[in-house]
Amino acid sequence: MGVTGIGGFFFRAQDPKALSAWYAEHLGVGAGQYGKWDQQAGASVFSPFAADTDYFPADKQWMLNFRVEGLDALKAALEAKGIEVITDPDWDMPGVGRFARIHDPEGNAIELWEPA
């Protein structure tokens, strides 16, 4: 009994239909009926950050993190579509994995995490 996983992630958008289409096209997320997508089993991190963190933009209350396979290939595919991919060696953590960041069309930060 208890929580078995994240059942959904809901957020406001200026243009929900267009933003949903962007996530489906570029990341394969929420492409199913009602935005549903079946995930692979794996770790999920639930971690509140300090209110003054600089880990993601101060004007946002959240940052989405997607677990990915083949981070280098995904980065190349996103860049080929004109999406800026930001990396920083300081973000990578031995035993945890590698990270990159992108932003959706409404400026929301998305962290891409390839677990170790």
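Remember, predicted model here, so these are calculated numbers, not experimental data.

Colleague: Would you mind showing me how to read the overall build of the protein here?
Modeller: Counting secondary structure elements, the protein contains 2 helices and 3 strands. Scanning the protein from its N terminus toward the C terminus, one meets helices and strands in the order α-β-α-β-β. Taking 116 residues into account, the globule formula puts the C-alpha radius of gyration at 13 Å, and the protein, at 15 Å, falls close to it. Taken along its principal axes, the extent of the C-alpha atoms in the protein is 45 × 35 × 30 Å.

Colleague: Where do I start with the pairing of strand β1 (residues 64–67) in this structure?
Modeller: Side-chain direction in a regular strand flips from residue to residue, so the side chains alternate between the two faces of the sheet. Across the two faces of β1 the burial differs, with L64 and F66 buried and N65 and R67 not buried at all. Pairing of β1 with strand β3 (residues 109–115) involves 4 bridges; the strand directions are parallel. The partner of L64 across the bridge, within β3, is I110.

Colleague: Hey, could you run me through the packing of aromatic side chains in this one?
Modeller: Two measures describe an aromatic ring pair: the distance that separates the ring centres and the angle between the ring planes. Throughout the structure, instances matching the rule amount to 9 aromatic pairs. For the ring pair F11 and W62, a centre distance of 5.1 Å and an interplane angle of 50 degrees mean the geometry is tilted. Residue F11 is located in the segment before α1 (16–27), and its partner W62 is located in the loop between α1 and β1; the two are separated by 51 residues in the primary sequence. For W62, a relative accessible area of 22% corresponds to the partly exposed category. A centroid spacing of 5.6 Å and a plane angle of 70 degrees characterise the contact between F49 and F56, whose relative ring orientation is edge-to-face.

Colleague: In this structure, what is going on with the nonpolar core? I would like to understand it.
Modeller: One broad trend across soluble globular proteins is that nonpolar side chains are buried collectively. Core analysis: the biggest nonpolar cluster contains 17 residues, and Y23, L27, F66, L78, I102, I110 and L112 have the highest contact counts within it. Counting only elements with at least two residues in this core, the list comes to α1, β1, α2 (71–80), β2 (97–103) and β3. Here this core takes 4 residues from α1, the largest share from any one element.

Rules used in this analysis
Residues numbered from 1 in each chain as written. Predicted model: local features only at pLDDT ≥ 70, side-chain atom pairs only at ≥ 80, totals over all residues. Heavy atoms only, no water. Helix = DSSP H or I, 4+ residues; strand = E, 2+ residues; numbered from the N terminus. Rg over C-alpha atoms; globule rule 2.2 N^0.38 Å. Buried < 20%, exposed > 50% of the residue type's maximum accessible area, 1.4 Å probe, protein only. Pairing = 2+ DSSP bridges. Phe/Tyr/Trp six-rings, centres within 6.5 Å; stacked < 30°, edge-to-face > 60°. Core = buried A, V, L, I, M, F, W, Y, C linked by side-chain atoms within 4.5 Å.

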